[in-house]
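Chain by chain, the residues run as shown.
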Amino acid sequence: MWNGAVTIGALTVPVKVFTATQSHTVHFRELHASDGAPIEHRRVSSKSGREVSADKIVKGYETSPGHWVVLSDDEIRAVEQPRRKAIEIEHFVPADQVDPVHYDRAYYLGVGAGGRDAYATLAAAMQRTGRVGVGRVVLRSREQLVALRARDGVLRMSTMRFADELVAVDELEIEEPRRAPTPAEVEMARKLVDGLAGKWEPGKLHDSYQERLLGYLRARAKGKQPDLPEADEPDEETDDLLAALKASVAA
Amino acid sequence: MARSLWSGSVSFGLVNVPVALYSAARDLDVHFHQLHEPTKARIEVRRVCSKENKEVDWEDIAHGWDADDGCVMVTDDELAALEPRRTRTIDIERFVALADIDPMHFDHPYFLVPAGGEGAARAYALLAKVMERSGRVAIGRFVLRTKEYLVALRVREGAIALSTMLFADEIRSPGALGAAQPDVKKDKPTKRHVDQAVALIEELSTDFDASAYEDRHRKRLEALVKRKRKGEEIEAPAEPETPEPVSDLMASLRESLKAARSGTLVG
């Protein structure tokens with residue numbers, strides 16, 4: 001989707017950027033329930049209620065209620081004027097210091113033209129040091145902070161959330177218990193955690209709702225009307241923490 | 001404190017911890033609105049039936065799924081009936097090591113906050129304490145609106161943090177890179193080059209400090225709006241160049257290392 005290079009000073013590693021994720025969410029179109037006709041989205045003026053053609057639509061920033069600064073796409077694009085298409089690495093940091101909350105969208109970096117040697121060298125060196133490269137790149141007219149990681153000889157890039165885009169714990173109101181958990185409760189809960197310890201096996205975890213939804217839609221497409229499941233009663237809640245822990249460990 | 005997005009409970013064995021869910025990320029982007037150019041009136045999107053040419057209310061909209069031979073129409077009620085029953089609980093299935101999870105799986109971050117008095121606060125404190133001690137991440141599932149999510153719960157700054165996780169089939173394999181996929185066997189780098197690259201990485205090494213990086217894009221957009229307000233002309237930008245590959249890898253590694261040592265590499 002993007003051809004450029006990772007640059008570290010004079011070192012240039014030609015790369016191609018590929019999206020690393022894909023959505024399997026079942027996609028629906030909007031239909032009018034009474035006649036099944038497709039729904040169209042029409043852009044209308046909020047003042048006149050009349051439809052507006054695309055060439056009469058501009059982007060505006062509201063400086064105060066009712067006051068707009070109008071900007072063209074070219075002007076918005078002018079905000080980012082990179083000299084070159086480069087992922088400019090500024091620092092290398094220990095991988096375990098970057099909390100995953102910082103990672104946003106994931107990409108793979110493929111080898112760009114004439115870059116096999118430089119790519120393999122950078123990937124091997126990053127793997128040896130266990131470090132993550134932090135840098136900046138302009139993607140889709142927006143400068144992004146990115147993290148570069150190497151794994152199995154493949155460079156991966158994640159866009160990163162800025163520190164002020166993350167909510168800090170002290171912005172939340174977390175009620176402290178008047179009575180701290182007792183040693184017996186902590187011990188019982190520890191047993192429960194140990195009992196549920198396992199491996200991270202993402203390949204075994206499926207989106208069962210999407211699968212059920214697809215099964216239902218396929219049956220409907222064949223003209224069947226499958227039964228819909230009935231809602232279950234929610235579990236009863238218990239106030240006795242220790243009794244619930246004991247029962248869980250025994251189960 | 002912002003509005004909670006969901007409330008329910010974390011179910012962990014037979015213990016239920018009543019919680020409320022809050023986003024741990026906020027949108028600070030500069031947003032633009034669509035305007036009708038001559039009148040500066042806001043643009044609204046209206047949903048119109050293509051057959052009757054009349055506006056349609058939200059409750060009269062159904063969902064169409066394109067099958068191989070035609071479209072299947074389903075209603076909100078049918079979709080709601082297909083939702084799993086676990087809609088008020090986050091069911092913890094197992095506890096795993098954080099280091100085993102590829103960071104690519106982490107999607108949106110949230111925080112869980114105890115909701116429901118002393119009982120909830122105690123159960124929450126207990127779960128946070130044993131999770132922090134074990135150093136493990138709880139993997140579970142829950143349904144938010146109509147989507148089932150795989151989630152990871154762990155302790156951050158003393159609170160229980162939740163991340164939605166991508167399922168394995170939502171992450172492509174590096175094989176999707178095709179001809180651009182690196183060939184680990186064939187593209188063996190020389191030790192000399194790797195040593196030099198390691199020296200460069202070490203020269204640029206520092207501790208991670210998230211607050212050291214500011215969103216310059218946001219600042220520039222805000223500055224652009226100010227300039228435009230004063231009536232300044234803004235020129236369209238030139239297309240960026242694609243950097244050329246280096247002809248001598250060793251020479252560029254040495255040059256970069258020298259620049260890094262003298263502190264002139266970035267900026």
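Since this is a predicted model, take the numbers as computed values, not measurements.

> Please explain the overall build of chain B as it appears in this structure.
Helix and strand counts for chain B come out as five helices and eleven strands. Overall size of chain B, expressed as C-alpha extent along the three principal axes, is 65 × 65 × 50 Å. Looking at chain B as a whole, 47% of its 267 residues are labelled buried. Partitioning the contacts of chain B with sequence separation of at least 6, the portion at a separation of at least 24 is 60%. Counting only carbon and sulfur atoms, one obtains 46% of the accessible surface of chain B, whose full area is about 13600 Å². Each charge sign in chain B was given a centre, from 39 positive and 45 negative side chains, and these centres are 6 Å apart.

> What am I meant to see in the interface of chain A and chain B here?
Think of interface size as the accessible area that goes away when the parts come together; that is how it is often given. Taken together, the contact between chain A and chain B spans 174 residues of the former and 168 residues of the latter. Across the interface of chain A and chain B, roughly 15900 Å² is buried in total on both sides, 62% from carbon and sulfur atoms. On the surface where chain A and chain B come into contact, there are 20 salt bridges. Our count for the chain A to chain B interface comes out at 67 residue pairs in polar contact (both at pLDDT 80 or more).

> What exactly am I supposed to notice about the pairing of strand β5 (residues 57–64) of chain A here?
Regular strands have side chains that alternate between both faces of the sheet. Note: β5(A) against strand β3 (residues 33–36) of chain B, four bridges, orientation antiparallel. The partner of Val58(A) across the bridge, within β3(B), is Leu35(B). Pairing between β5(A) and strand β6 (residues 67–71) of chain A: five bridges, direction antiparallel. Its bridge partner lying in β6(A), Tyr61(A) is registered against Val69(A). Hairpin connection of β5(A) to β6(A): two residues between the antiparallel strands, including Gly66(A) at a positive phi of 85°.

> Help me understand the domain arrangement of chain A, please; the structure alone is not making it clear to me.
Taken domain by domain, chain A consists of domain 1 (2–21 + 80–163) and domain 2 (180–198 + 240–251). Placing a centre on the C-alpha atoms of domain 1 of chain A and another on those of domain 2 of chain A gives a separation of 43 Å.

> Honestly, the packing of aromatic side chains in this entry has me stumped. Any pointers?
The description of two aromatic rings rests on the distance between their centres and on the angle between their planes. Residues and elements named next belong to chain B. If you walk through the whole model with that rule in mind, you get five aromatic pairs over all chains. Residues Phe142 and Tyr149 carry aromatic rings whose centres are separated by 6.2 Å and whose planes lie at 40° to one another, so their mutual orientation is tilted. Three or more aromatic residues joined by ring pairs form one cluster here, namely Trp6, Phe142 and Tyr149.

> Please clarify how helix α4 (residues 208–221) of chain A should be interpreted in this entry.
It helps to recall that an α-helix has 3.6 residues per turn; residues three or four apart then point in one direction. Compared with an ideal rise of 1.5 Å per residue, which puts 14 residues at 20 Å, α4(A) spans 20 Å between its outermost C-alpha atoms and is within 8% of the ideal. Looking only at α4(A), the buried set comprises Tyr209(A), Gln210(A), Leu213(A), Tyr216(A), Leu217(A), Ala219(A) and Arg220(A). In this fold, the buried residues of α4(A) make contact with β5 (61–67), β6 (70–74), α1 (76–82) and β10 (147–156) of chain B.

> Looking at this model, I keep getting lost on the side chain of Asp207(A). Mind explaining?
The topology assignment puts Asp207(A) in the loop between α3 (183–195) and α4. Asp207(A) gets classed as buried once you look at its relative accessible area, which sits at 12%. In this view, Asp207(A) contacts Arg141(B), Lys147(B), Glu148(B) and Phe167(B); residues no more than four positions away in its chain are not counted.

> Help me out: how do you make sense of the confidence of the model for chain B in this one?
Close reading of the predicted structure is inappropriate where its pLDDT is low. All names here are of chain B. Overall, the predicted model of chain B reaches an average pLDDT of 90, with 97% of residues at or above 70. Per-element confidence in chain B is highest for strand β11 (residues 159–165), whose mean pLDDT is 97, and lowest for α1, whose mean pLDDT is 84. The ipTM, which scores confidence in the relative placement of chains, is 0.88 for this predicted complex, and the corresponding pTM is 0.88.

> It is not clear to me how the domain arrangement of chain B should be interpreted in this structure. Could you clarify?
Domain parsing of chain B yields domain 1 (6–28 + 83–168) and domain 2 (183–204 + 249–267). Measuring from the centre of the C-alpha atoms in domain 1 of chain B to the corresponding centre in domain 2 of chain B gives 41 Å.

Parameters at a glance
Residues numbered from 1 in each chain as written. Chains lettered and ligands numbered in written order. Predicted model: local features only at pLDDT ≥ 70, side-chain atom pairs only at ≥ 80, totals over all residues. Heavy atoms only, no water. Helix = DSSP H or I, 4+ residues; strand = E, 2+ residues; numbered from the N terminus. Buried < 20%, exposed > 50% of the residue type's maximum accessible area, 1.4 Å probe, protein only. Contact = heavy atoms within 4.5 Å. Areas by Shrake-Rupley, 256 points an atom, 1.4 Å probe, with all protein chains shown as cover. Lys, Arg positive; Asp, Glu negative; His and termini not counted. Charge placed at Lys NZ, Arg CZ, Asp CG, Glu CD. Buried area = accessible area lost by both parts, 1.4 Å probe. Salt bridge = Lys/Arg side-chain N within 4 Å of Asp/Glu carboxyl O. Polar contact = N/O pair within 3.5 Å; in protein donor to acceptor, adjacent residues only side chain to side chain. Pairing = 2+ DSSP bridges. Domains from an automatic or database assignment. Phe/Tyr/Trp six-rings, centres within 6.5 Å; stacked < 30°, edge-to-face > 60°. Expected span 1.5 Å × (residues − 1). pLDDT = per-residue confidence, 0-100.

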